[in-house]
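Observations on the model geometry
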Amino acid sequence: MQNLTRHISFPRLLILGASSVIGSSWIYTNGIFFSKYGAGGEIFGFVLAMTITVLASLAFAELSSIFPRSGGPVVYSYLAFGKRWGFATGWAILGAYLSALSFYVTASSMLLATIWPQISQGPGYTIAGAHVSLMELAIGVAFTLFIFALNIRGTRLTAGVQAVLFGGLVILGGALIVTGFSQGSPKNFWPAFATGSDPLLNIVRFVLPAMTFLTGWEVVTILAEEADMPPAKIGKAVVGAIVLAASYYIIVLLASAWVYPWQKTATFDMGSITAFTKAGFPLLGQAAFLIAFLGLFTSFIGLFTAAPRLILSLARAGLLPPRFARLSEKHGTPLNATVLVLLFAIGFGWLGKGAMTYFLDLGGFFVAMAWAITAMSLWRIRRDYPNLNGGFRLRRLWPSMLGGFLAVVIAIGTLYPKSPVALAWPTEYIMLAVWIGLGLLFYWLGRSEHQDNDTALHHLLGDKEYERLAKVKRQDEEKDA
């Protein structure tokens, strides 16, 4: 079984994780979310979502330090619960990442259309009440092909590109933060909720889309096989990526609510981009636009890098055809798996901007399920292999289990039509059923490729980790005897 090359340093792994989280839409869709939930609903909702995410990530952090292998969560859930749960976890995160990638196929052309409106005009088609011009689709596909070409050359290149783009995000975000708080007023932010609304309910309702905005830090564990560092640092990069990205979201959004009345921002199609311009800072409005564009690139690149490695891991375990486990001889990247991700992204991306909210909501459901399964995987692996230790070890399991429990509560809530975080009926339920159906189809078609548990684990873990696991198991058995 071919292994990926270790060459990603700790700073670059941390940046890969954080920049994969920081996307584009958060800085202009805040107008929509301010309108629906109030500025407080979105900003405090992000704080709650960050707390849940950090708690859920603790299981990923510990397990990634024990098993620094490509596909991370697939490996953990397979070892803990077997092939069905291993496949379910990988398919869920893959669904979340493909939802985001499909979103970016549309978002890339939508951002450009704010400068050149003619892009969104002309012949095309209408889906979910939104017109999609052929020009928009062509631009989105072109962006996707560019990201694909970048990724097939390997993580050495993509990590370097991410570091440069992340530097740009920090500089531009810093300009918005300093100006927003020095030139704005707390009166523009407070009261943070619309009169007559329920603050707590609005905060909770935003948690699901916030969890989608916070998706991407799993990239750290999925790329662990390529991390050149002590395993304990991989766990630190997991948590650090979430805190770094979420803090960026919260502080920049708060600055935009500080610099201009959020009730007026709630009426703008481009949220913070327009808010800074209306506040008398047109250059910072352009800076906010550049943040959206850079964020689109960083998240697009990061998730497009991680998704093929999920497929690679599933193929190593025999849960997908073995051709997807093959690496390119020239670049050492999972070329076939990357091509499959390209086809999925473009295949869903043609649904256009009318489906953007659907992608966000579905992504939140998928990641919540994957987080919950991984938390349970840590509990099971701790029980079965109590002496396994990768260097990042939780003193208590309850914070991780709490994060997993909250994640599964939110996931179940999305399926209950009357809950505040329910999926949109019937479209999002249909899309969810389609993805689950595709997963069942892939699993059934590949059943002839399914390996016995021991062989699959060997391929998933690699020689070194498999031998270490066997050694720990023998030692435990000898102690029990």
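Residues numbered from 1 in each chain as written. Predicted model: local features only at pLDDT ≥ 70, side-chain atom pairs only at ≥ 80, totals over all residues. Heavy atoms only, no water.

**Comments concerning the overall build of the protein chain**
For clarity, the cut-off: By the criteria applied, helices consist of DSSP H or I runs no shorter than four residues and strands consist of E runs no shorter than two, each listed in order from the N terminus. Radius of gyration means the value over C-alpha atoms here, while the globule rule gives 2.2 Å times the residue count to the 0.38 power. In what follows, a contact means two residues having at least one pair of non-hydrogen atoms within 4.5 Å.
A tally of helices and strands in the protein chain yields 17 helices and two strands. A compact globule built from 481 residues should have a C-alpha radius of gyration of about 23 Å, and the protein chain, at 22 Å, falls within 12% of that. Projected onto its principal axes, the C-alpha positions of the protein chain cover 70 × 50 × 45 Å. Restricting to contacts in the protein chain with at least 6 residues of sequence separation, those with at least 24 account for 82%.

**Considerations on the environment of Leu 394**
The line we're drawing: Buried residues are those whose accessible area, probed at 1.4 Å on protein chains only, stays under 20% of the maximum for their type, while exposed residues exceed 50% and partly exposed ones sit between those limits.
Looking at where Leu 394 falls in the secondary structure, it is placed in the loop between helix 14 (356–384) and helix 15 (398–415). Residue Leu 394 is classed as buried on the basis of its relative accessible area, which comes to 13%. Separated by 210 residues in sequence, Leu 394 and Gly 184 place their C-alpha atoms 42 Å apart. For Leu 394, the residues in contact, after removing those within four places along its chain, are Leu 58, Glu 62, Leu 378, Arg 382 and Ser 400.

**Observations concerning the pattern of salt bridges**
Put simply, the rule is: One speaks of a salt bridge when a side-chain nitrogen belonging to Lys or Arg is within 4 Å of a carboxyl oxygen belonging to Asp or Glu.
Summed over all chains, the structure comprises eight salt bridges. The partner of Asp 384 in a salt bridge is Arg 380, with the nearest N and O atoms 3.3 Å apart. With Asp 384 and Arg 380 both in helix 14 and four residues apart, this pair spans about one turn of that helix. Bridged by salt links that share partners, the residues Glu 62, Arg 382 and Arg 393 form one connected network.

**What about the packing of aromatic side chains?**
Stated formally: We call Phe, Tyr and Trp rings a pair once their centres come within 6.5 Å, taking the six-membered ring for Trp, and we label the pair stacked below 30 degrees between planes, edge-to-face above 60, and tilted otherwise.
All told, the structure shown has 35 aromatic pairs when counted by the stated rule. Taking the centre distance of 5.8 Å and the plane angle of 70 degrees together, the rings of Trp 26 and Tyr 248 count as edge-to-face. Of the two residues, Trp 26 is situated in the loop between helix 1 (10–21) and helix 2 (30–66) and Tyr 248 in helix 9 (residues 231–259); the sequence distance between them amounts to 222 residues. Neither residue differs from the other here; Trp 26 and Tyr 248 are each classed as buried. Look at Phe 33 and Phe 213: their rings are 6.0 Å apart centre to centre, the planes differ by 85 degrees, and that puts the pair in the edge-to-face class. Note that Phe 33 is positioned in helix 2 and Phe 213 in helix 7 (residues 199–213), a separation of 180 residues in sequence.

**Here we look at the packing of helix 2 against helix 15**
Note the threshold: To get an axis, a line is fitted to the C-alpha atoms, and for a helix only the part in contact is used. The angle between two axes follows their N-to-C directions and goes from 0 to 180 degrees. The scheme is simple: roughly parallel for angles under 35 degrees, roughly antiparallel for over 145, roughly perpendicular for 65 to 115, oblique for anything else. In this scheme the handedness of a crossing depends on how the near helix is turned from the far one: anticlockwise by less than a right angle means left-handed, clockwise means right-handed.
Between helix 2 and helix 15, the shortest axis-to-axis distance is 7 Å and the interhelical angle comes to 120 degrees. Taken together, the axis directions place helix 2 and helix 15 in an arrangement best described as oblique. Seen along the crossing, helix 2 lies across helix 15 with a hand that is left-handed. Residue-level contacts link Ile 52, Leu 55, Ala 56, Leu 58 and Ala 59 of helix 2 to Pro 399, Ser 400, Leu 402, Gly 403, Leu 406 and Ile 410 of helix 15.

**What to know about the side chain of Ser 70**
Inspection of the secondary structure assignment puts Ser 70 in the loop between helix 2 and helix 3 (73–81). The buried category is assigned to Ser 70, whose relative accessible area is 1%. When neighbours within four sequence positions are excluded, Ser 70 is seen to be in contact with Leu 4, Val 75, Ile 222, Glu 225, Arg 309, Leu 312, Ser 313 and Arg 316.

**What about helix 12 (residues 282–316)?**
As a reminder, the rule being used: Multiplying 1.5 Å by the residue count of a helix minus one yields the expected span of that helix.
For helix 12, with 35 residues, the first-to-last C-alpha span of 51 Å sits near the 51 Å given by 1.5 Å per residue. A large share of helix 12 lies buried, amounting to 31 of its 35 residues. Of the residues flanking the end of helix 12, it is Gly 318, one or two places downstream, whose phi is positive at about 80 degrees.

**A look at the confidence of the model for the protein chain**
Stated precisely, the cut-off is as follows: Confidence scores per residue from the predictor, reported as pLDDT, run from 0 to 100.
Residues at a pLDDT of 70 or more form 95% of the protein chain, whose mean pLDDT is 87. Within the protein chain, strand 1 (residues 124–127) has the poorest average pLDDT of any element, 69, and helix 9 the best, 94.

**Some points on the layout of surface pockets**
What counts, and what does not: In this analysis, the protein atoms alone were mapped onto a 1 Å grid. Cavities are point sets where a 1.4 Å probe fits without being able to get out; pockets are open sets with protein on both sides within 12 Å along at least five of seven lines; lining residues have an atom within 4 Å of a point. Grid points are joined across faces, edges and corners, and a volume is the space filled by probe spheres set on the points.
By volume, the second largest pocket amounts to about 350 Å³. Lining the second largest pocket are 15 residues, with Phe 87, Ala 88, Trp 91, Ala 92 and Ile 436 positioned closest to its centre. Going through the elements one at a time, helix 4 (83–113), helix 14 and helix 16 (427–445) are the ones with two or more residues in the lining of the second largest pocket. The element contributing the most residues to the lining of the second largest pocket is helix 4, with six residues.

**Some thoughts on the side chain of Arg 69**
Our working definition: The term polar contact refers here to a pair of N or O atoms within 3.5 Å; inside protein, the definition further demands a hydrogen-donor-capable atom paired with an acceptor-capable atom, and it admits residues adjacent in sequence only when both atoms are side-chain atoms.
Among the secondary structure elements, Arg 69 is positioned in the loop between helix 2 and helix 3. Only 2.8 Å separates the side chain of Arg 69 from the backbone oxygen of Leu 460, close enough to count as a polar contact. Discounting chain neighbours no more than four positions away, the residues touching Arg 69 are Asn 3, Val 75, Thr 221, Ile 222, Ala 224, Glu 225, Arg 316, His 459, Leu 460, Leu 461 and Gly 462.

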